[in-house]
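# Residue-level structural notes
In case you want the letters, here they are:
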Amino acid sequence: MRFRCERIVGTTTHIKGFINAYKEAFGGAPYFEWYTDDQVLKEIWQPHIAHGVVMIVTDEEQGGRLVGFGCAMPFEYAPDDVKQFLTSLDAEGKLPPEFDHRSSWYMSELGVLNEYRGLGAAWELVKQRMRSVDHSGATQFFMRTAAKGSLSKPMYIKMGSKELADLQDVSKTKQATENKSKADHRVYLWGDVRTVAQHIDEIQKVRGYIPFDTSGIDID
Ligand SMILES: CC(C)(COP(=O)(O)OP(=O)(O)OC[C@H]1O[C@@H](n2cnc3c(N)ncnc32)[C@H](O)[C@@H]1OP(=O)(O)O)[C@@H](O)C(=O)NCCC(=O)NCCS
């Protein structure tokens, strides 16, 4: 199989590929953000390797080039502004009672290199990430994305995620001031990890995307 999806555990092999893919994915629409290699390494790669999940897709016909990534971490390790936003919505009674945000996982990062988009890599990354979170014992997830022009919101809606009514203004956060994000509001979506993973399975079959080699993923 041409594409391989695997979880990064205890290796530094893909650091350069991850940094490159991260800068490309978030350097374009709708975010247009700027990161140094060191920021991606210290603020994204290292915390996810230590406390969360880093799932990648590689192109085996291009020497195992990293072409996509999906990261997740438990709520307690999410960025402060994410935790504060959900905590204050909760205090104001604005979260659905069935959404237990404190025990859920934050689906924090997702990106695919431009030339590899539209091949189903994001579906596989998100499905395997959900399965990995399911395996860790958590039942719910949430994610945030640009309120306008998001490329990932359509897929999260198709897989059965629910949208929170309130938007987060991120115009004063580091993402806007330091990383120059052009997307100044975020919308939050949440759902049940096992249910959406099953939905993605069905979507993949209907859409007929090429299969991914997942033999290295040590779950089930
Ligand atoms: C979002 C992103 C990861 C999708 O990657 P991808 O590998 O091209 O996605 P897939 O081929 O697996 O398609 C998954 C679904 O995403 C949605 N999607 C992908 N690109 C889209 C686009 N340009 N416009 C609208 N929806 C899009 C579709 O719903 C698609 O479902 P389909 O099979 O019914 O068509 C990629 O566009 C990207 O890296 N974007 C920049 C970074 C980003 O926005 N990340 C998400 C932050 S929350």
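An account of the accompanying structure is given in this report. (Residues numbered from 1 in each chain as written. Predicted model: local features only at pLDDT ≥ 70, side-chain atom pairs only at ≥ 80, totals over all residues.)

### Quick word on the environment of Ile-8
Looking at the secondary structure, you find Ile-8 in the loop between β1 (3-7) and α1 (15-27). Taking the C-alpha atoms as reference points, Ile-8 and Phe-69, separated by 61 residues in sequence, lie 10.0 Å from one another. Those residues in contact with Ile-8, other than ones at most four positions away along the chain, are His-14, Ile-49, Val-54 and Ile-56. (Helix = DSSP H or I, 4+ residues; strand = E, 2+ residues; numbered from the N terminus. Contact = placed C-beta atoms within 7 Å.)

### Some words on the site of the ligand
Near the ligand lie 19 residues; those nearest to it are Arg-117, Ala-122, Thr-145, Ser-152 and Met-155. Of all the elements in the fold, those that place two or more residues in the shell around the ligand are α1, β4 (105-112), α4 (121-136) and α5 (153-158). Class assignment for the residues of the shell around the ligand results in 11 nonpolar, 5 polar and 3 charged. (Near = placed C-beta within 6 Å. Nonpolar A, V, L, I, M, F, W, Y, C, P; charged D, E, K, R; others polar.)

### Observations regarding the packing of α4 against helix α7 (residues 193-207)
In the contact formed by α4 and α7, the axes pass within 9 Å of each other and the chain directions differ by 150°. As far as their axial angle goes, α7 and α4 are roughly antiparallel. Remark: the crossing between α4 and α7 carries left-handed chirality. Only Val-193, Arg-194, Val-196, Ala-197, Ile-200, Asp-201, Ile-203 and Gln-204 of α7 make contact with α4, whose side of the interface consists of Trp-123, Val-126, Lys-127, Met-130, Arg-131, Val-133 and Asp-134. For the contact of α4 with α7, a count of residues per class yields 9 nonpolar, 1 polar and 5 charged. (Axes fitted to C-alpha atoms, helices over the stretch in contact; angles between N-to-C directions. Parallel < 35°, antiparallel > 145°, perpendicular 65-115°, else oblique. Left-handed = near helix turned anticlockwise from the far one by under 90°.)

### Considering unusual backbone geometry
Going from Ala-29 to Pro-30, the amide bond is cis rather than trans, its omega being 0°. Examined against the element boundaries, Pro-30 turns out to sit in the loop between α1 and α2 (37-51). Phi is positive for Phe-32, which is not a glycine, with a value near 50°. One can find Phe-32 in the loop between α1 and α2. C-beta crowding within 10 Å serves as the criterion here: with 13 such atoms nearby, Phe-32 is assigned to the partly exposed category. At Lys-180, a residue that is not glycine, the phi angle is positive and equals roughly 60°. If you trace the backbone, Lys-180 turns up in the loop between α6 (174-177) and β8 (185-192). C-beta crowding within 10 Å serves as the criterion here: with 12 such atoms nearby, Lys-180 is assigned to the exposed category. (Buried ≥ 20, exposed ≤ 12 C-beta atoms within 10 Å, placed from the backbone.)

### What to know about the packing of α1 against α2
Taken N-terminus to C-terminus, the directions of α1 and α2 make an angle of 100°; their axes are 10 Å apart at the nearest point. What the angle tells us is that α1 and α2 run roughly perpendicular. Between α1, through Ile-15, Phe-18, Ile-19, Tyr-22 and Lys-23, and α2, the contact on the second element is made entirely by Asp-37, Val-40, Leu-41, Ile-44 and Trp-45. Taken together, the residues of the contact of α1 with α2 break down into 8 nonpolar, no polar and 2 charged.

### Quick word on the environment of Thr-12
With respect to the helices, strands and loops of the structure, Thr-12 is situated in the loop between β1 and α1. Separated by 10 residues in the primary sequence, Thr-12 and Tyr-22 have C-alpha atoms spaced 16 Å apart.

### Focus: the pairing of strand β5 (residues 140-146)
The buried fraction of β5 is high, at 7 of 7 residues. Pairing between β4 and β5: 2 bridges, direction parallel. Residue pairing across strands places Trp-105 opposite Phe-141, the latter belonging to β5. Running through α4, the crossover from β4 to the neighbouring parallel element β5 is right-handed. (Pairing = 2+ DSSP bridges. Right-handed = clockwise from strand over helix to strand, strands pointing away.)

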